[in-house]
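Overview (structure and organization)
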Amino acid sequence: VDCRHYNAWYGLGAIYFRQEKFDLAEYHFQRALDINSQSSVLHCHLGMAQHQNGKTMEALDTLAGAFHLDPRNPQAHYQRATIFMTLDRPEDALCELEKVRSAAPKEASVHFNMGKVHKRLGQPAKAMRCFLTALDLDPKDNNLIKAAMDRLDEPDVEEEVSVF
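Model, not experiment: these values are computed from the prediction. (Residues numbered from 1 in each chain as written. Predicted model: local features only at pLDDT ≥ 70, side-chain atom pairs only at ≥ 80, totals over all residues. Heavy atoms only, no water.)

**Concerning the overall build of the chain**
Stated formally: Helix and strand definitions here come from DSSP, where helices need a minimum of 4 consecutive H or I residues and strands a minimum of 2 consecutive E residues; each element is numbered from the N-terminal end. Only C-alpha atoms enter the radius of gyration, while the globule expectation follows 2.2 Å times N to the 0.38, with N the number of residues. The classification of residues rests on relative accessible area computed with a 1.4 Å probe and restricted to protein chains. Under 20% of the type maximum is buried, over 50% is exposed, and intermediate values are partly exposed. We call two residues in contact whenever any of their non-hydrogen atoms come within 4.5 Å of each other. All accessible areas in this document rest on Shrake-Rupley with a 1.4 Å probe, and a residue is counted as covered only by the protein chains that are shown. Charged residues are defined narrowly, with Lys and Arg counted positive, Asp and Glu counted negative, and His plus the chain ends left uncounted. Taken as the charge location is NZ of Lys, CZ of Arg, CG of Asp or CD of Glu.
Check the secondary structure of the chain and you find 9 helices and 0 strands. Moving toward the C terminus, one meets the helices and strands of the chain in the order α-α-α-α-α-α-α-α-α. Against the 2.2 N^0.38 benchmark of 15 Å for 164 residues, the chain shows a C-alpha radius of gyration of 17 Å, consistent with a compact globule. Along the three orthogonal principal directions, the C-alpha set of the chain runs to about 55 × 30 × 25 Å. Relative to its full complement of 164 residues, the chain shows a buried share of 43%. Considering only contacts within the chain whose residues lie at least 6 apart along the sequence, 49% involve residues at least 24 apart. As displayed, the chain offers around 8,800 Å² of accessible surface, 51% of which is attributable to carbon and sulfur atoms. Treating the 19 positive side-chain charges of the chain as one cloud and the 24 negative ones as another, the clouds have centres 4 Å apart.

Okay, here's the thing in structure tokens:
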């Protein structure tokens, strides 16, 4: 790795993140960010790694840096929604997901996760509408979506916002 190339550090961080070696991912994303502090994408990836390492409040601070650089960054909003669900703040998560939906209205995972949030908020009709939209947008993931629809009447278990 040439220590002057942030994209090399980022690439290594992404590999470690996919391998679920979040401490190494965080280290490499931080090195990339030290070189290129003006990248909102690097802030998002570092925040994701921090969250996976249990550094939730630090992750929110890092994502705030991403918003400072690019207030409309949909990835940062999506990651904040994930963290808010972990913190049992579904109203805040829904607000973030609505911002993502306005930026990417045809992204099935956003609608799916909005359905999960509506379910947690005790709004089964809205949850069903979101699940059906997700199903229309991405029919190949119908098993996961249909399973979530079948569980609408069951008590909510601790589920994080996820990508299917």
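Once you've had a look at it, read on.
**With respect to helix α9 (residues 142–150)**
Using the following cut-off: The directions considered for the arc run from the helix axis to the C-beta atoms.
Every buried residue belonging to α9 is among Ile145, Ala148 and Met149, and all of these are buried. Viewed along the axis of α9, the buried residues span an arc of 100°, placing them on a single side of the element. Summarising the geometry of α9, the exposed residues directed more than 90 degrees from the buried face are Asn143 and Asp150. In the core, the buried residues of α9 are packed alongside α7 (108–120) and α8 (124–137).

**Brief notes about the packing of helix α2 (residues 22–35) against helix α3 (residues 40–52)**
What counts here: Every axis in this analysis is a line fitted to C-alpha atoms, fitted for helices over the stretch in contact. Angles between the N-to-C directions lie between 0 and 180 degrees. We call two directions roughly parallel when the angle between them is under 35 degrees, roughly antiparallel when it is over 145, roughly perpendicular when it lies between 65 and 115, and oblique otherwise. Helix crossings are classified by the rotation of the near helix relative to the far one: an anticlockwise turn of less than a right angle makes the crossing left-handed, while a clockwise turn makes it right-handed. Gly falls in the polar group here, along with every residue not listed as nonpolar (Ala, Val, Leu, Ile, Met, Phe, Trp, Tyr, Cys, Pro) or charged (Asp, Glu, Lys, Arg).
With their axes 9 Å apart at the nearest point, α2 and α3 run at an angle of 155° to one another. Compared by their axis directions, α2 and α3 come out roughly antiparallel. Note on packing geometry: the crossing formed by α2 with α3 is left-handed. Contacts between α2 and α3 involve Phe22, Ala25, Glu26, Phe29, Gln30, Ala32 and Leu33 from the former and Leu42, His43, His45, Leu46, Ala49, Gln50 and Gln52 from the latter. Classifying every residue of the contact of α2 with α3 by side-chain character gives 8 nonpolar, 5 polar and 1 charged.

**Notes on the packing of α7 against α8**
Relative to each other, α7 and α8 sit at 165°, their axes nearing to 8 Å. The pairing of α7 with α8 is recorded here as roughly antiparallel in orientation. As α7 runs across α8, the sense of the crossing is left-handed. Counted together, Ala108, His111, Phe112, Met114, Gly115, Lys116, His118 and Lys119 of α7 and Lys126, Ala127, Cys130, Phe131, Thr133, Ala134 and Leu137 of α8 form the full contact between these two elements. By residue class, the composition of the contact of α7 with α8 is 8 nonpolar, 4 polar and 3 charged.

Purely geometric stuff here, so don't read any function into it on its own.
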